[in-house]
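Coordinate inspection notes
If you want the building blocks of each chain, they are given just below.
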Amino acid sequence: MTFGTFGRGSSPQADEMLPDGRPRLPPGQRLVEGWPVLHYGGIPQVDLADWELRVFGLVGEELRFDLDQIRALPQVKQRRDIHCVTAWSRYDNDWEGISFQHLMELSKPTPAAKHVVFHCYGGYTTNVPIEELDRDDVLLVHTHDGEALTAEHGAPLRGMVPQLYFWKSAKWISGIEFVTDDRPGFWEMYGYHMHGDPWREERYG
Ligand SMILES: Nc1nc2c(c(=O)[nH]1)N[C@H]1C(S)=C(S)[C@@H](COP(=O)(O)O)O[C@H]1N2
Ligand SMILES: [Mo]
């Protein structure tokens, strides 16, 4: 929805609303066209033959997947916006991968599981409440805008949690750990927010 602000100094996109009435662009964000690369440290080198994703912790079934097994799971697509805590947002990213809910159906987290720690090749971690992941648009993705993810953007597989700041979307994912108590990940230990909702500007604290 726009309100005829053309020529009055605010771009039409800035007025766009989500179906629930929130602005599409969260407070303090600005729109970019390209796709910035942001991470701490180097790009981890992983031999794809040795690559695996482990699902563990408070689960009924501990799981391990190699890349062929990931490809054999149902593949789903979602078009979603990115909101980075450093204030850039990128609209309409076409993601393809596997659904987090499907991984939960397979691994059966126990009732005690309340939070998830994403583990990555290279050592990065980030924490997300399980209720934020139990949505059909949370994916583990290998494809962006129709192209295989590049190494710098997290290949072969990264998290994609669109409703939270993008540091919660772990690149080079190696493990998903279900835990009871929330546990700060890499940036959270440096003061980033434990939850990270862009519309509440949960950047730090
Ligand atoms: N493994 C890993 N994942 C990570 C990071 C990182 O340093 N290491 N940085 C996070 C941050 S702060 C952001 S903004 C996004 C950036 O993703 P992009 O480089 O694909 O834009 O990745 C997130 N995932
Ligand atoms: Mo970030």
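Below you will find a few notes about this structure. Everything numeric in this text was worked out from a predicted model, so none of it was measured. (Residues numbered from 1 in each chain as written. Chains lettered and ligands numbered in written order. Predicted model: local features only at pLDDT ≥ 70, side-chain atom pairs only at ≥ 80, totals over all residues. Heavy atoms only, no water.)

**Details of the pairing of strand β6 (residues 115-120)**
- Summarising burial for β6: 5 of the 6 residues are buried, a large majority.
- Inspection of the sheet shows β6 paired to strand β7 (residues 125-129) by 5 bridges, in the antiparallel sense. The residue bridging V116 from the neighbouring strand is V128, located in β7.
- A loop of 4 residues connects β6 with β7, the two strands running antiparallel in sequence, and G122 in this loop sits at a positive phi of about 95 degrees.
- When β6 meets strand β11 (residues 173-179), the two strands line up antiparallel, connected through 6 bridges. The residue bridging V116 from the neighbouring strand is F178, located in β11. (Buried < 20%, exposed > 50% of the residue type's maximum accessible area, 1.4 Å probe, protein only. Helix = DSSP H or I, 4+ residues; strand = E, 2+ residues; numbered from the N terminus. Pairing = 2+ DSSP bridges.)

**Let's talk about the site of ligand 1**
- Around ligand 1 lies a shell of 19 residues, among which P36, Y40, H153, R158 and K171 are the nearest.
- The separation between an oxygen atom of ligand 1 and a polar side-chain atom of W35 is 3.1 Å.
- Between R158 and ligand 1, the recorded distance is 2.6 Å, taken from a side-chain N or O atom to an oxygen atom.
- In the complex, 97% of the free accessible area of ligand 1, which totals 530 Å², lies under the protein chains. (Near = heavy atom within 4 Å. Polar contact = N/O pair within 3.5 Å; in protein donor to acceptor, adjacent residues only side chain to side chain. Areas by Shrake-Rupley, 256 points an atom, 1.4 Å probe, with all protein chains shown as cover.)

**Some details on the pattern of salt bridges**
- Within this structure, the stated rule accounts for 15 salt bridges.
- Here E16 ties to R24 by a salt bridge, and the two come within 2.9 Å at their closest N and O atoms.
- In this structure, E202 and R200 form a salt bridge, with 3.4 Å as the shortest nitrogen-oxygen distance.
- In this structure R200 comes out as exposed when scored by relative accessible area, which is 58%.
- Each member of the salt-bridge network shares a partner with another, and the members are E16, R24, D81 and D92. (Salt bridge = Lys/Arg side-chain N within 4 Å of Asp/Glu carboxyl O.)

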